[in-house]
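# Residue-level structural notes
Listed below, chain by chain, are the residues.
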Amino acid sequence: MKNCLVVDDSKVIRKVARHILESLDLSVSEAVDGRDALTQCEASAPDVVLLDWNMPVMSGMEFLQALPGAGLAARPKIIFCTTENGISHIKAAVEAGADEYVMKPFDRETLESKLAIVGVI
């Protein structure tokens, strides 16, 4: 079973994402910010990270920039999941290493298609 780490400071978003991801037969873990996510990735790298942009402690972009230095055996696929919808934000995320980009609010079909695009399902 593939593992997805949901990184979002909103408990509601984490709960909704967990429900959708588990219905797609993914194992789900959660992190409340980028620092928490980085620590979890170092302990056990997930197959995919669903990553919020705006979070306290460490933002999604800061997490993405720190990930190469984490010494992971395999880099997880990164799907940015955010309300930031400007072309400049999307371009910055992709340039920083994001594999895909999802707008909030999202639904099962959208998330499922993005997971398929990055090869997780």
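Residues numbered from 1 in each chain as written. Predicted model: local features only at pLDDT ≥ 70, side-chain atom pairs only at ≥ 80, totals over all residues. Heavy atoms only, no water.

In the nomenclature of an unreviewed UniProt entry, the protein is known as Chemotaxis protein CheY of Sphingobium chungbukense.

### A short note on the nonpolar core
Selection rule: By convention a nonpolar core is built from buried Ala, Val, Leu, Ile, Met, Phe, Trp, Tyr and Cys residues, the set being connected through side-chain atoms within 4.5 Å. The classification of residues rests on relative accessible area computed with a 1.4 Å probe and restricted to protein chains. Under 20% of the type maximum is buried, over 50% is exposed, and intermediate values are partly exposed. Going along the chain from the N terminus, every DSSP run of H or I of four or more residues is numbered as a helix, and every run of E of two or more is numbered as a strand.
Of all hydrophobic cores here, the largest spans 21 residues; its most connected members are Leu5, Val7, Val49, Leu51, Phe63, Ile78 and Phe80. For this core, the elements supplying multiple residues, two or more each, are strand S1 (3-7), helix H2 (34-43), strand S3 (48-51), helix H3 (60-66) and strand S4 (77-82). Among the nonpolar cores identified, the runner-up in size contains 18 residues, and Leu21, Leu50, Ile79 and Val102 belong to it.

### Observations regarding the packing of aromatic side chains
Two descriptors summarise a pair of aromatic rings, namely the distance from one centre to the other and the angle between the planes of the rings. What counts is decided by this rule: Centre distance within 6.5 Å is the pairing criterion for rings of Phe, Tyr and Trp, where only the six-membered ring of Trp is used; planes under 30 degrees apart are then read as stacked, over 60 as edge-to-face, and the remainder as tilted.
Summed over the entire model, instances satisfying the criterion amount to 2 aromatic pairs. Relative to Phe80, the ring of Trp53 has its centre 5.0 Å away and its plane inclined at 35 degrees; by these criteria the two rings are tilted. Here the residue Trp53 occupies a position in the loop between S3 and H3, and Phe80 occupies one in strand S4, the gap between them amounting to 27 residues. In terms of burial, Trp53 and Phe80 fall into one category: buried. Ring plane angle 40 degrees and centroid distance 6.2 Å describe the contact between Phe80 and Tyr101, whose orientation is recorded as tilted. One end of the pair, Phe80, is in strand S4; the other, Tyr101, is in strand S5 (residues 100-103), with 21 residues separating them in the sequence. In this pair, the class of Phe80 matches that of Tyr101, namely buried. By the ring-pair criterion, three or more aromatic residues cluster together here, those being Trp53, Phe80 and Tyr101.

### A look at the sheet that holds S5
Consider a sheet: its strands pair through backbone hydrogen bonds, and that pairing is either parallel or antiparallel. In plain terms, the rule: In this scheme, strands are said to pair when DSSP sees at least two bridges between them. Each axis is a line fitted through C-alpha atoms, and for a helix only the stretch in contact is used; angles between axes span 0 to 180 degrees, taken between their N-to-C directions. Residues count as neighbours in contact if any of their non-hydrogen atoms are within 4.5 Å of one another.
Pairing within the open sheet is parallel, and its 5 strands lie in the order S2-S1-S3-S4-S5. The open sheet has two edge strands, strand S2 (27-31) and S5, and neither has a second partner. Neighbouring strand axes in the sheet, compared pairwise and without regard to direction, differ in orientation by 20 degrees on average. Where S4 and S5 come together, 4 bridges link them in parallel fashion. Across the sheet, Phe80 pairs through a bridge with Tyr101, a residue of S5. Helix H5 (residues 108-117) rests against S3, S4 and S5 of the sheet, and its axis sits at about 175 degrees to S5.

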